Amino acid sequence: MGERTLRGARLGGQSFEDERGIEFAARQQSGYKCQKGHEFEVTMSVEAEVPAVWECPRCGAEALSTSGAEPVAKAEKPARTHWDMLLERRSIKELEDILTERLELLRGGEIGPAHLHRSNARKSKSKKTA
Ligand SMILES: [Zn+2]
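The structure reproduced in this document is the subject of the present report. (Residues numbered from 1 in each chain as written. Predicted model: local features only at pLDDT ≥ 70, side-chain atom pairs only at ≥ 80, totals over all residues. Heavy atoms only, no water.)

Some words on the overall build of the protein
Test applied: Strands are runs of DSSP state E lasting at least two residues, helices are runs of H or I lasting at least four, and both sets are numbered from the N terminus onward. Here a residue-residue contact requires only that any non-hydrogen atoms of the pair lie within 4.5 Å. For every accessible area listed, the method is Shrake-Rupley and the probe measures 1.4 Å; residues are considered covered only by the protein chains on display.
The secondary structure content of the protein amounts to two helices and four strands. Secondary structure of the protein in N-to-C order comes out as β-β-β-β-α-α. Across the protein, contacts joining residues at least 24 apart in sequence account for 25% of those joining residues at least 6 apart. Summed over all atoms, the accessible surface of the protein reaches about 10900 Å², with 54% contributed by carbon and sulfur.

Details of a nonpolar patch on the surface
Heads up, the condition is: Like-charged residues within 9 Å of one another, or nonpolar side chains (Val, Leu, Ile, Met, Phe, Trp, Tyr) within 5 Å, are grouped into patches, provided each residue has over 30% relative accessible area and no salt bridge. By convention in these notes, a salt bridge is any Lys or Arg side-chain nitrogen within 4 Å of a carboxyl oxygen on Asp or Glu.
Together, Trp 83, Leu 86, Leu 87 and Ile 92 make up a nonpolar patch on the protein surface, roughly 350 Å² of accessible area in all. Of all the elements, helix α1 (residues 82-89) adds the most residues to the nonpolar patch, at three residues. Here Ile 92 lies in helix α2 (residues 92-107).

A closer look at the packing of aromatic side chains
Defined as follows: The aromatic pairing rule takes the rings of Phe, Tyr and Trp, using the six-membered ring of Trp, and pairs them if the centres are within 6.5 Å, calling planes under 30 degrees apart stacked, those over 60 edge-to-face and the rest tilted. Only protein chains enter the accessibility calculation, which uses a 1.4 Å probe. A residue is then buried if its area is under 20% of the maximum for its type, exposed if over 50%, and partly exposed in between.
Within this structure, the stated rule accounts for two aromatic pairs. With centroids separated by 5.7 Å and ring planes inclined at 20°, the aromatic side chains of Tyr 32 and Phe 40 adopt a geometry described as stacked. When sorted by exposure, Tyr 32 lands in the same class as Phe 40, which is buried. Ring centres 5.9 Å apart and planes at 40° place the aromatic pair Tyr 32 and Trp 54 in the tilted group.

Remarks on α2
Stated formally: Helices are assigned an expected span. That span is 1.5 Å times one less than the residue count.
Look at α2: 22 Å from first C-alpha to last across 16 residues, which is about the 22 Å you get at 1.5 Å a residue. One or two steps after α2, the chain reaches Gly 109, where phi turns positive at roughly 75°.

Looking at the coordination of the zinc ion
Operational definition: The rule for donors is simple: N, O or S, within 2.8 Å of the metal, or within 3.2 Å if the metal is Na, K or Ca. Water isn't counted, so a site may look like it is missing partners. Only four donors with every angle between 85 and 135 degrees are called tetrahedral; only four or six donors with opposite donors over 155 degrees apart and all others between 65 and 115 are called square planar or octahedral, in that order; all others are irregular.
Binding of the zinc ion to the protein goes through Cys 34 (SG), His 38 (ND1), Cys 56 (SG) and Cys 59 (SG), at separations of 2.0 to 2.3 Å. One can describe the site at the zinc ion as tetrahedral: its four donor atoms subtend angles covering 105 to 114° at the metal. In the primary sequence, the donor residues of the zinc ion line up as C-x3-H-x17-C-x2-C. With His 38 in the loop between β1 (27-34) and β2 (39-45) and Cys 56 in the loop between β3 (53-55) and β4 (62-65), the pair connects residues that are 18 residues apart, well separated along the chain. As far as burial versus exposure is concerned, His 38 and Cys 56 are alike and both buried.

Some thoughts on the packing of α1 against α2
Put simply, the test is: Angles shown run from 0 to 180 degrees and are taken between the N-to-C directions of axes, each axis being a line fitted to C-alpha atoms and, for helices, limited to the stretch in contact. Angle categories are assigned with fixed cut-offs, so that under 35 degrees is roughly parallel, over 145 is roughly antiparallel, 65 to 115 is roughly perpendicular, and the rest are oblique. Under the scheme applied, nonpolar residues are Ala, Val, Leu, Ile, Met, Phe, Trp, Tyr, Cys and Pro; charged residues are Asp, Glu, Lys and Arg; polar residues are all the others, including Gly.
For the pair α1 and α2, the least separation of the axes is 8 Å and the interaxial angle reads 100°. On the basis of their axis angle, the class for α1 and α2 is roughly perpendicular. When α1 is examined against α2, the residues Trp 83, Leu 86, Leu 87 and Arg 89 are found in contact with a partner set consisting of Ile 92, Glu 94 and Leu 95. Taken together, the residues that form the contact of α1 with α2 break down as five nonpolar, no polar and two charged.

Structural notes on the nonpolar core
Counted only if it meets this: The term nonpolar core refers to a set of buried residues drawn from Ala, Val, Leu, Ile, Met, Phe, Trp, Tyr and Cys, joined through side-chain atoms within 4.5 Å.
Counting seven residues, the largest nonpolar core consists of Tyr 32, Cys 34, Phe 40, Val 42, Met 44, Cys 56 and Ala 63. Contributions of two or more residues to this core are made by β1 and β2. Sort the elements by how many residues they give to this core and β2 lands first, with three residues.

Regarding the sheet that holds β3
Remark on secondary structure: sheet strands pair via backbone hydrogen bonds, oriented parallel or antiparallel. What counts is decided by this rule: Pairs of strands are assigned from DSSP output, requiring at least two bridges between the strands.
Across the sheet, which stays open at both edges, the four strands sit in the order β2-β1-β4-β3 with antiparallel pairing between neighbours. The sheet terminates laterally at β2 and β3, the two strands that pair on one side only. Strand after strand, the sheet turns through a mean of 40° between neighbouring axes, direction not considered. Of the pairings in the sheet, the one linking β1 to β2 comprises seven bridges and is antiparallel in character. Among the inter-strand pairings, Ser 30 is bridged to a residue of β2, identified as Val 42.

Right, here's the structure in full:
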């Protein structure tokens, strides 16, 4: 944790009109300050996720965002897991039914490790699963 000062500077006056007078998509100014105290602002689209760290244009060191964004607390959108994908296709109820069904088969020796198979001993009504 550095001695990052959160100042009201970037909330202040400066209104940056586009140099060419063209109205662009909404932009935002993101303030950064490097370890050596160099402060600068980066203009980016408001849709852009403000990076917590930016390279200082003066010394090349890592500059931290003065907006309070922490490099570690990077709010990444959680990756879609297999579980998420599964839930998009099946409801919990369905999954429970399937689980119950499979557990019954497993306990009945229908599926699972070969040495547990009891299906050889009795007639299996279900097709053998590989
Ligand atoms: Zn610097």
